[in-house]
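Topology and contacts: notes
Read off the chains here:
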Amino acid sequence: MDYTIARRRMVEQQIVARGIDDPRLIDVMNKVPRHLFVDEGLRGHAYADGPLPIGHKQTISQPYMVAAMSAALGLQGHERVLEIGTGSGYQTAILAMMTKRVYSIERISTLAARARKVLDQLQISNVNIKTADGTIGWKDQAPFDGILVAAGAPDVPHEYLVQLIIGGKLVMPVGGYHQQSLIRITRLDKDQFKREELMGCRFVPLIGTAGWSEADEI
Ligand code: SAM
């Protein structure tokens, strides 16, 4: 299989055709080898229009969702971004190539280690990954210019609002256990936030102190 051709087709048909027009994002999506972030047996599907399993009941997000969330942050290149839910590390790689530094938190250590390995293999060195409960953010490294959460929560954890700079943006799925709305919150001032609903989406649950509990599984 020619992965370069498959990737170019993915970008044209799933990303550009659906209205993503940030040239830097399009360039990065054309470069990052998504097939390296999935198991060998799934590589033939790596550029298909959907999420794929990565083990531990988790998924690598649909390429369009990765692009739409990245675009919603409006990155210019100088930002420090907090990502919650490293998963395969694919979204991490996209963010890392579009901005200055990415701080990524994953609660499952095996996934965090696997993501680190692929990022190292690609010589992406502006990423800090830690295994922890990401619902409380990353206090030591805050504040952030952008926060991207790749798992669905019942509400916006308060710490994310606190850890955002004024002018910063938070993009995350909020709603039910199986179905959510992708929202963007912009911090306009110390206590003033603008909230926008971007689209419907389906993410795995954000599990932790300010998210769902494992016992909530339906
Ligand atoms: N964007 C990722 C990718 O492209 O591979 C996919 C992320 S996957 C949909 C969601 C991830 O969030 C899972 O790996 C899951 O273990 C993680 N997660 C869930 N709750 C978390 C929490 N409280 N802190 C950190 N990670 C969490």
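Residues numbered from 1 in each chain as written. Predicted model: local features only at pLDDT ≥ 70, side-chain atom pairs only at ≥ 80, totals over all residues. Heavy atoms only, no water.

Re the overall build of the chain
Rules: The helix and strand labels rest on DSSP assignments: H or I over at least four residues marks a helix, E over at least two residues marks a strand, and numbering proceeds from the N terminus. Atoms counted for the radius of gyration: C-alpha only. Globule rule: 2.2 Å times residue count to the power 0.38. The classification of residues rests on relative accessible area computed with a 1.4 Å probe and restricted to protein chains. Under 20% of the type maximum is buried, over 50% is exposed, and intermediate values are partly exposed. Should any heavy atoms of two residues lie within 4.5 Å, those residues are considered in contact. This count recognises Lys and Arg as positive and Asp and Glu as negative, with His and chain-terminal groups excluded. We put the charge of a Lys on NZ, of an Arg on CZ, of an Asp on CG and of a Glu on CD.
Helix and strand counts for the chain stand at 6 helices and 9 strands. In terms of overall dimensions, the chain is globule-like: its C-alpha atoms have a radius of gyration of 16 Å, near the 17 Å expected for 218 residues. In terms of overall dimensions, the chain has a C-alpha envelope of 50 × 40 × 30 Å along the principal axes. Put simply, the chain has 218 residues, and 49% of those count as buried. Expressed as a percentage of contacts within the chain between residues at least 6 apart in sequence, the contacts between residues at least 24 apart total 54%. The averaged location of the 24 negative side-chain charges in the chain is 3 Å from the averaged location of its 25 positive side-chain charges.

So, unusual backbone geometry
In this model, alanine 142 is joined to proline 143 through a cis peptide bond whose omega is 5°. If you trace the backbone, proline 143 turns up in the loop between strand 5 (127–131) and strand 6 (144–149). In this structure, lysine 57 is a non-glycine residue whose phi angle is positive, near 60°. Assignment of secondary structure puts lysine 57 in the loop between strand 1 (52–55) and strand 2 (58–60).

Concerning the packing of aromatic side chains
Formally: For Phe, Tyr and Trp, where Trp contributes only its six-membered ring, two rings pair if their centres lie within 6.5 Å, and the inter-plane angle classes them as stacked under 30 degrees, edge-to-face over 60, or tilted in between.
In the structure shown here, the tally under the stated rule is 5 aromatic pairs. Judged by centre distance (6.3 Å) and plane angle (50°), the ring pair of tyrosine 3 and tyrosine 47 falls under tilted. Here tyrosine 47 lies in the loop between helix 2 (23–31) and strand 1 and tyrosine 3 lies in helix 1 (residues 3–16), a separation of 44 residues in the sequence. Under the relative-accessibility criterion, tyrosine 3 is labelled partly exposed at 23%.

As for the site of the ligand
Defined as follows: When we say a residue is near a molecule or strand, we mean one of its heavy atoms is within 4 Å of it. Pairs of N or O atoms within 3.5 Å make up the polar contacts considered here, provided that, within protein, one atom can donate a hydrogen while the other can accept it, and that residues adjacent in sequence are counted only when both atoms are side-chain atoms. For the accessible areas, the method is Shrake-Rupley and the probe is 1.4 Å, while residue cover comes only from the protein chains on display. Residues are called lining when one of their atoms sits within 4 Å of a cavity or pocket point, these points coming from a 1 Å grid over the protein atoms alone, where a cavity is a set in which a 1.4 Å probe fits but cannot get out and a pocket is an open set with protein on both sides within 12 Å along at least five of seven lines. Here the criterion for a molecule occupying a pocket or cavity is that more than half of its atoms lie within 2 Å of the pocket grid points. Under the grouping applied here, Gly and all other residues not named as nonpolar or charged are polar, the nonpolar ones being Ala, Val, Leu, Ile, Met, Phe, Trp, Tyr, Cys and Pro and the charged ones Asp, Glu, Lys and Arg.
Taken together, the neighbourhood of the ligand is formed by 27 residues, with Ser88, Glu106, Asp133, Gly134 and Ile207 sitting nearest. Arginine 107 places a main-chain nitrogen or oxygen 3.2 Å from a nitrogen atom of the ligand. Between the ligand and the protein, one listed contact pairs a nitrogen atom with a backbone N or O atom of isoleucine 207 at 2.6 Å. Computed on the free molecule, the ligand has an accessible area of 600 Å², of which 100% lies beneath the protein chains in the complex. At a threshold of 2 Å from the grid points, most atoms of the ligand map onto the largest pocket. By residue number, the principal contributor to the shell around the ligand is strand 2, which donates 3 residues. In the shell around the ligand, the residues fall into 13 nonpolar, 11 polar and 3 charged.

Examining the sheet that holds strand 6
Hydrogen bonds between backbone groups are what pair the strands of a sheet, and the pairing can be parallel or antiparallel. Under the convention used in this document: Whether two strands pair depends on DSSP finding at least two bridges between them. Angles here are taken between N-to-C directions and fall from 0 to 180 degrees, while the axes themselves are lines fitted to C-alpha atoms, restricted in helices to the stretch in contact.
Pairing in this open sheet of 7 strands is mixed, and the strands run 5-4-3-6-7-8-9 from one edge to the other. Sheet topology places strand 5 and strand 9 (193–201) at the edges, where each strand pairs with a single neighbour. Going across the sheet, the axis of each strand differs from the next one's by a mean of 15°, ignoring polarity. Running at roughly 150° to strand 7 (residues 164–175), helix 3 (residues 63–73) makes contact with strand 3 (80–84), strand 6, strand 7, strand 8 (180–187) and strand 9 of the sheet.

Points about the UniProt feature "active site" (unreviewed entry) in the chain
As a reminder of what qualifies: UniProt positions are given in the numbering used here, feature names are shortened, and annotations may be inferred rather than shown by experiment.
What UniProt calls "active site" (unreviewed entry) maps, in this numbering, to Ser61. With respect to the helices and strands, the residue serine 61 is situated in the loop between strand 2 and helix 3. Setting aside residues no more than four positions away along its own chain, serine 61 makes contact with Arg34, Pro51, Val66 and Phe203.

What about helix 5 (residues 109–121)?
At 3.6 residues per turn, the α-helix brings residues three or four places apart onto the same side. Let me state the cut-off plainly: Helix span is expected to be 1.5 Å times the residue number reduced by one. Note that the arc is defined by the directions from the helix axis to the C-beta atoms.
With 13 residues, helix 5 should cover 18 Å at 1.5 Å per step; its first-to-last C-alpha distance of 18 Å lies within 8% of that length. Leu111, Ala112, Ala115, Val118 and Leu119 are the residues of helix 5 that are buried. Burial along helix 5 is one-sided: seen end-on, the buried residues are contained in an arc of 130°. Relative to its buried face, helix 5 has exposed residues pointing more than 90 degrees away, namely Lys117 and Gln121. Buried residues in helix 5 make contact with strand 1, strand 2, helix 4 (90–98), strand 4 (101–106) and strand 5. Where helix 5 ends, the next residue or the one after it, glutamine 123, has phi of about 55°, a positive value.

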